[in-house]
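One letter stands for each residue in the lines below.
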Amino acid sequence: MLLSGERTMAIYCPACEQLHYHQFSLFQLSSSPRAFHCTCGFTQAHITKHNRRYEVSLLTPAGDRVRLLFPFREFWSAPLLTFYSPDEGEILGYFGEAEYVKEAAADFDSDLLEPDDFFAPEIMTEILAYLQKLAAAQKIGCTCSDPAVGIDVYPDKVELVCSNCGSAILMSAVSEDDIARLYSLSELKMKPASYTYLGEWLKPIR
Ligand SMILES: [Zn+2]
Ligand SMILES: [Zn+2]
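Residues numbered from 1 in each chain as written. Chains lettered and ligands numbered in written order. Predicted model: local features only at pLDDT ≥ 70, side-chain atom pairs only at ≥ 80, totals over all residues. Heavy atoms only, no water.

Draft legend 1. The coordination of the zinc ion (ligand 1), seen in detail. For the zinc ion (ligand 1), the full set of protein donor atoms is Cys13 (SG), Cys16 (SG), Cys38 (SG) and Cys40 (SG), and the range of their distances to it is 2.3 Å. Geometry at the zinc ion (ligand 1) is tetrahedral, judged from the four donor atoms that bind it and their angles of 103 to 117° at the metal. In terms of primary sequence, the donors binding the zinc ion (ligand 1) are separated according to C-x2-C-x21-C-x1-C. (Donors = N, O, S within 2.8 Å, 3.2 Å for Na, K, Ca; no water. Tetrahedral: all angles 85-135°; square planar, octahedral: opposite > 155°, others 65-115°.)

This is the structure in structure tokens:
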């Protein structure tokens, strides 16, 4: 009998604050770290196969890097593994067989922001879609030495934050004006340790 190496992983993305699913085969893992990217463009995790263990490297919601080690046998045989942050015991994600992961993730998801929580769901959807487009084209960033820009989504606004230098851009997400203001910008590049409210920008930044 052939062992199935197909696994599902659902991990929390600190950038877009959603659980994101990944499907892959354990046979694709090797001693060179495999990166897992969220649909928002953020690199959520790496998995590396060591001699007798697998190392999962991922980020807490606060942006701290966490390394978790799992014995080879456990990684291959457990139907469901939960990734916890070592300090806070926060759930960072799930790994295992698809049905178990989906079940566990459904419980987790109910605690996250739902579209119903948004003040203006259609406006928010457009704003997030545009930000994802910019992110995918590498048009969101910070000019500091080691930029690490994430997206915080609130019911009525979105904040881009660089966790390296603390700079941020805040934009309201409730009206057509907010969309128009954002659409007039083809790039969102922050200055180190700066704070900008998007309404104050009269013309597109370059
Ligand atoms: Zn994401
Ligand atoms: Zn920065």
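Draft legend 2. Quick look at the sheet that holds strand E12 (residues 168-172). Here four strands make up an open sheet; going across it, the order is E10-E11-E12-E14 and the pairing mixed. Only two strands of the sheet have a single partner each, and these edge strands are strand E10 (149-153) and strand E14 (195-197). Pairwise comparison of adjacent strand axes, ignoring direction, gives a mean angle of 15° for this sheet. Sheet analysis places strand E11 (residues 157-162) next to E12, joined by five bridges and oriented antiparallel. (Pairing = 2+ DSSP bridges. Helix = DSSP H or I, 4+ residues; strand = E, 2+ residues; numbered from the N terminus. Axes fitted to C-alpha atoms, helices over the stretch in contact; angles between N-to-C directions.)

Draft legend 3. Helix H4 (residues 176-183), seen in detail. Those residues of H4 that sit buried are Asp178, Ile179 and Leu182. The buried residues of H4 occupy an angular sector of 100° when projected down its axis, which confines them to one face. Looking at H4, the residues exposed on the side facing more than 90 degrees away from the buried face are Glu176 and Asp177. Next to the buried residues of H4 lie helix H3 (121-136), E12 and strand E13 (188-190). (Buried < 20%, exposed > 50% of the residue type's maximum accessible area, 1.4 Å probe, protein only. Arc of directions from axis to C-beta. Contact = heavy atoms within 4.5 Å.)

Draft legend 4. Layout of the sheet that holds strand E3 (residues 34-37). An order of E3-E4-E5-E6 is seen for the four strands of this open sheet, with the pairing classed as antiparallel. Among the strands making up the open sheet, the edge pair consists of E3 and strand E6 (65-71). Strand-to-strand twist in this sheet, taken as the mean axis angle between neighbours without regard to direction, amounts to 20°. As paired elements, strand E4 (residues 43-49) and strand E5 (residues 53-59) share five bridges and run antiparallel to each other. Counted as the bridge partner of isoleucine 47 is valine 56 from E5.

Draft legend 5. Representation of the coordination of the zinc ion (ligand 2) within the structure. All of the protein donors around the zinc ion (ligand 2) are Cys142 (SG), Cys144 (SG), Cys162 (SG) and Cys165 (SG); their distances to the metal are 2.2 to 2.3 Å. Taken together, the four donor atoms surrounding the zinc ion (ligand 2) define angles of 100 to 118° at the centre, an arrangement classified as tetrahedral. One chain supplies every donor for the zinc ion (ligand 2), spaced along it as C-x1-C-x17-C-x2-C. Highlighted residues: cysteine 142 in strand E9 (residues 140-142) and cysteine 162 in strand E11, separated in sequence by 20 residues. Taken as a pair, cysteine 142 and cysteine 162 share a single burial class, namely buried.

Draft legend 6. Broad picture of the nonpolar core. Within the largest apolar cluster, 26 residues are counted, with the highest numbers of intra-cluster contacts made by Ile127, Leu131, Val158, Leu160, Met171, Leu182 and Leu188. Only H3, E9, E10, E11, E12, H4 and E13 provide two or more residues apiece to this core. Here this core gets six residues from one element, more than from any other, and that element is H3. Not counting the four nearest positions on each side in its chain, isoleucine 127 is found in contact with Val158, Met171, Ser172, Ala173, Asp178, Ile179 and Leu182. Core analysis: the next-biggest nonpolar cluster, separate from the first, contains 21 residues, Ile47, Leu81, Leu92 and Phe95 among them. (Core = buried A, V, L, I, M, F, W, Y, C linked by side-chain atoms within 4.5 Å.)

Draft legend 7. Representation of a negative patch on the surface in the model. On the surface, Asp64, Asp87, Glu88 and Glu90 cluster together to form a negatively charged patch. Summarising the element assignment, glutamate 88 is placed in the loop between strand E7 (80-84) and strand E8 (91-96). The class for glutamate 88 is exposed, based on a relative accessible area of 64%. (Patch = residues over 30% accessible without salt bridge, like charges linked within 9 Å, V, L, I, M, F, W, Y side chains within 5 Å. Areas by Shrake-Rupley, 256 points an atom, 1.4 Å probe, with all protein chains shown as cover. Salt bridge = Lys/Arg side-chain N within 4 Å of Asp/Glu carboxyl O. Lys, Arg positive; Asp, Glu negative; His and termini not counted. Charge placed at Lys NZ, Arg CZ, Asp CG, Glu CD.)

Draft legend 8. Expanded view of the pairing of E10. For E10, the tally of buried residues reaches four of five residues, placing the bulk of the element in the interior. Here five bridges tie E10 to E11, and the two strands are oriented antiparallel to one another. If you follow isoleucine 151 over to E11, its bridge partner there is leucine 160. Where E10 folds back on E11, the antiparallel hairpin that results is connected by three residues.

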